[in-house]
Every structure is written in C-alpha cells, then in structure tokens.
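Notes for the structure review
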Amino acid sequence: MISRSPLPYIGILAIAGMVALLPFIVSSFQLAFAIGLLNFAVLATAWGLFSGPTRYISLASVVFFGIGSYTVAVVGEVMPWPAVLALAALIGGGVALVVGLATLRLAGIYFVIFTFGLSEMVRQLVTWYEVNVTLSVGRYVFLDISQTQIFWQLLALLTVVMIGAVALQRSRLGFALRVIGGDETMARHFGLNPTFAKLALFVGSSMIMALAGAIMAPRWTYIDPAIAFNITLSFQVVIMGLLGGMHRIYGPLLGAILMTFLFEALSDRFPQAFSLLLGVVFILIVYLLPNGIVGRVEELIARTRRKPDNTSAGLIGERS
Amino acid sequence: MFLFALLSGLTLGGVYALVAMGLTIQYSVSRTMNLGYGEFLIAAAFSVFVMFGAFGISPYILAILVVPVAFGVSWLIYRVMLMPIVRRARSPLALEIDSLLLTFGLLFAIMGVLLLIFGSNYTNYYYLSVPVRILDATVALNRLVSFGAAVIVGAIGYWLLMRTRTGMVLRAVSVDPVGARLVGIDVNWAAGLAYGLGGAIAALGGVLISTYMTFTAEMGVVFTMKALIVVIMAGVGHVLGALIAGMALGLIEAFVSAYLDPGLTIAVIYAVFLLALIIRPQGIFGRVAR
C-alpha cells in the first residue's frame, strides 16, 4: 500500500515547471482563462482532499474561498502580502475548526446540511457587519499584483497541494483516513480517532481554499458579500470533484480542467441559461459517472483484464 | 412591538411548520434528501404571481390548481429521477449521498429555469394587503388568511397521517422500510406518494408566502435550508415535532428581526441549529440516534 518511489513528486514538479512558462507565450486573455482554471484546480483538489477519503460532501467551499478574499479586501493594503496570505489561511482554518468540531463527530448527513447553509449565514454576518460597522457594503481591492504573479502563486499553491496530497496518502494519517472512509466502526476498533483525522483534513482543505480566495482577490478590484459568498462556486467545485472522481488525488484536477472549458463555452454561448445547464450537467454526471471519469476508466481497465476468466467462468462471470 | 413580532412570527411560523412537515414526510419515507425542495415553493409562488396578474383570480383559489400540479411533478421526479438512484444504491448512506447530489443538481436546474423566465429581480404582488387591528398591533389580512390556511392544512395533514390507512403505511415505511416490505407494503409506491405530498405542501407554502412576501428566483435555497433545519432539529420523521419547531423558527425569526436586526435572522437560526446539533443530535423530539 505504501510506496516510497519519488516518481510522482518529480512528475508533479516537472509539469508545474513547464506550466510556469505559460505566461511568456500566451495572450493576456488566455492567461486570464488559465488563472480561472488553476483556481478551480486548487479548489477542487482541496475539496477532494477532504471529501474523497471521508465521503463527507462539503457544500461550503465558497465560505473559505470568500473568507480568503475578504481578508485581502480588509487588510491587503496595510500588511505585507505574505502576512496577508498567512492571515487568510489562519482565519479560514479557524472557521473550519469551529464548524468541524461542531459537526464532524455527527453522521455525514448533518455535516452536509450544515455546510449547505453555511455560506448563506456567513454572507449575512459579513453583510451585517459591513452595513452596521463599516457603513458600506462593498470594498475595493487595489493591490499592485499582476496577472502573471497571480498565475504563479496559484500554480505554486497547486503544486504544494498536489505534493502534500501524495505525501499524505503515503503517510500513516493517509492510511488511517482510508480505513475510516471504508468503515468507521472498524477504524475505531483499531484505535484510530476518526473525528481527529477528519477534523485535521477539513481544516487543511479549508486553509487551502482560503489561500486560493486570497490569491484571487486582486483580480476583482471590487467585492461585496454577494460576490464573495456566492453558492454557485461551491456547486461548481462539487461538480468538478465528482466528474473527475473524488477517490483519487488527480480526479478533481481532471474534473476541474474539463469543467472549466465547459463552463467557459456555456457561459459564453448561453449566459442566461448558465445555472440550468450546470444543473443538467450535474444530474447527468450523478447518473452516468457515479465514480467520476477516473472511476469509469479504472472500471473499464479492470473489465478488460478480467475478460479471459469470464469466457471460462460462464454464468458466474456474468456479474458486473 | 412585542405584539407585532409575535403576530408576524406566528403567521410566518405557521407556513414554516407546514413546509417542514412536507419535507419531513418526504425525507423519512423515501430516505432521500431533497435539496431542491424549496424550489417547488418558489416555483409555485411565481406561477401564482403570473396567473394572478393575468386573470386576477385569488391566489387562494389558484392554489387549488397549483397544488395538484406540484404533486404530480414531484411524484414524477421521484419515479423518473430518483428511482434509478434508489435501485443503484448499495446502502442507505450511499442513497443519501447520491440523492443529495442529484437534488443539488435539481436545485440549480429549477432555479435556472426560473432565472431564465423571471430574471433575478425581487417580485411581489398585492392581494388582501388590508391592515387588520389586533389589540394594538396591525397585521395584513393576507398574513392572517395564509396563517389560517396553513393551520387548517397542517391539521388535516396530521390527521390523515395518524388516522388513515394510507397515513399508517407512510409511517410504517418511515419507521422501517424493510419491515414494511415484509408486511406487503409497496415501499416505492409509498415513497412516490410521500414525494408528491411533500411537493404539494411546499407549493402550498409558496402560494401562501407569496401573498405577503417579496421573493426572487434564487430564494428557494433559503427555504430548503430552513425546512431542513426544522426537520433535523425536530428529529427526522417526527411530524408533530416539525410543526412545533417550524412554529418556533418563525417566532425566532420575527423577534430577531424586530429586536436585533432583520439582516441577522439566518445567523441566529443557525446558532440555534448548531446548539441543537451539539446538545441533541438525534433531534429535540427524536428518540433513536440515526
């Protein structure tokens, strides 16, 4: 189960190194698209990091993303950039800790329902604070950070996340998580602490999302609670994770790449019907690809490998 | 102020209680979580808005048309959309996750259709907005009539569930689907019926609320969330509990917006929800932990 080959790390670094040269060859329009793609890749991977092994579907990605963006909007001009990023990650992790402590020891369904409304609640709280304390709903983000810098930051974040995810999967915690995801009762009998493992993962994944939100904030110039905490983003992240397949590290990444292209095409051609088409695409994925593309491909490979046995096994081989 | 908050809380709570009753029936009988539930409410509100504008017929009479249609559509959604998922599911947990994801898609699909037709503007219309004086507070007549309708329908629904054979079948499935099958109950039929009933009740709630509330195509999520909170807080499948908790939710909302800030209602409701989850995860009225 546990492999020590450095090959995946080298592969990730090599690909990242090649992608890092992109800003020198593409147009600014293409670069903007690539930034959007990287952002979704980070979010979907972070989502899969938690939801994949635990099977707890989080519908609150945008909460942490929005927290990151808001941190930048509030302190971006008064603190050095690395400190802003650290603060964003800390606040995101802190909120995740509170939410996780309250809900992760319960059955998965409570967690899902809680995250379902969380963005609405946070949006209301932030709006209330802005209206009553700062007396204006919107904020401006004027920071001297170029598109290329945003691109590199996101790429670096994605690289770190991917390497971290591979390392995690090979670690004792990663192994414990797979046991917990398989059967929580059994995991308890082994002396594992499911709540702690889930909590650690949820906090980590949320910190990554907050970082992504912080890095993306300078692109917006203007944000208000309705933009920063828009539930559609959470929905898009879940679609991507599911499409790719959330049981593998690279599944959500694959889903993010495919979906970003699809979103671009859809929102260009049918800006009015965007949510309708999103919903339909999502329903189709749930029906046709319950384990994502990666799961489907693995199934096909397993089937072709098993074929020779089937011919001799006759009736028994008919299953699956 | 106090009396005003009490009255608006009671009238709002009546509708919440009704809507939550629909969701708890749907969820406990079919064992599938419907995140698109609130969309039925908003879709009904919009269709009444359109027909009221076109024909000038009272929304309460239009409900007689809208509610059966919602029943049919909701039933069809269960038969066509959810049945394949039910058949595929290997465990109750897998079904819960699959149905949740599927109806999350449904939420966006229905919302997308509404956005396409009506845009994202705030919509309202005026019907029976005559002030009525009760002691020293004034309430709009439409609120009172809607509250009365919610109480009557809620009571009839509760009576049907508790006193009729079909109601007993639904309750039996909600307690134990496997056992229900053993005594000859068609579980899928019951689940389809529960879905239809839930959709119909949500639509009725939408009609009632539309008479006095401003609504948008994107508001379904909020109603789904409130109904879910009530259902979980009360304990899944506990109909009377859902009615009481729904009422309480309406009152909390009204008092928060009267004394604290109208912009903090969801935050406070969430705090209550969180507290309930921590103290009694099985629900206030629920007995067995799920």
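Here the structure is a predicted model, which is why all the values come from computation and not from measurement.

Focus on the overall build of chain A
If you tally the helices and strands in chain A, you get 15 helices and two strands. Against the 2.2 N^0.38 benchmark of 20 Å for 320 residues, chain A shows a C-alpha radius of gyration of 21 Å, consistent with a compact globule. Considered along the principal axes of its C-alpha atoms, chain A spans approximately 75 × 50 × 40 Å. Within the span of chain A, comprising 320 residues, buried residues form 44% of the whole.

Section: the interface of chain B and chain A
Every contact between the two is made by 36 residues of chain B and, on the other side, 33 residues of chain A. Elements with a contribution of two residues or more to the side of chain B that touches chain A: helix H4 (92-118), helix H9 (220-234) and helix H11 (265-279) of chain B. With 17 residues, the single largest contributor to the side of chain B that touches chain A is H4 of chain B. Taken together, the residues that form the side of chain B that touches chain A break down as 29 nonpolar, three polar and four charged.

Section: helix H5 (residues 141-163) of chain B
Residue and element names in this part refer to chain B. Over its 23 residues, H5 extends 33 Å from the first C-alpha to the last, a length consistent with the 33 Å expected when each residue adds 1.5 Å. Regarding H5, the residues found buried are Asn142, Arg143, Val145, Ser146, Phe147, Ala149, Ala150, Val153, Gly154 and Gly157. Turning to H5, the residues buried within the fold contact helix H1 (2-30), helix H3 (59-88), strand E2 (137-140), helix H8 (187-210) and helix H10 (239-260).

What to know about the pairing of strand E1 (residues 131-134) of chain B
Residues and elements named next belong to chain B. One ladder, built from four bridges, connects E1 with E2; its direction is antiparallel. Within E2, the residue paired with Arg133 across the bridge is Thr138. As consecutive antiparallel partners, E1 and E2 are separated by two residues, and within that stretch Leu135 has a phi angle of approximately 50°, a positive value.

Section: unusual backbone geometry
Most peptide bonds adopt trans geometry, and most residues besides glycine take a negative phi value. Positive phi outside glycine occurs at Arg55 of chain A, with the angle close to 65°. One can find Arg55 of chain A in the loop between helix H3 (28-54) and helix H4 (61-75).

Focus on the confidence of the model for chain B
In low-pLDDT segments, the atomic positions of the prediction should not be examined closely. Chain-level pLDDT for chain B is 88 on average; 99% of the residues reach the 70-or-more range. Among the scores for the predicted complex, ipTM is 0.84 and pTM is 0.86.

Parameters at a glance
Residues numbered from 1 in each chain as written. Chains lettered and ligands numbered in written order. Predicted model: local features only at pLDDT ≥ 70, side-chain atom pairs only at ≥ 80, totals over all residues. Helix = DSSP H or I, 4+ residues; strand = E, 2+ residues; numbered from the N terminus. Rg over C-alpha atoms; globule rule 2.2 N^0.38 Å. Buried ≥ 20, exposed ≤ 12 C-beta atoms within 10 Å, placed from the backbone. Contact = placed C-beta atoms within 7 Å. Nonpolar A, V, L, I, M, F, W, Y, C, P; charged D, E, K, R; others polar. Expected span 1.5 Å × (residues − 1). Pairing = 2+ DSSP bridges. pLDDT = per-residue confidence, 0-100.

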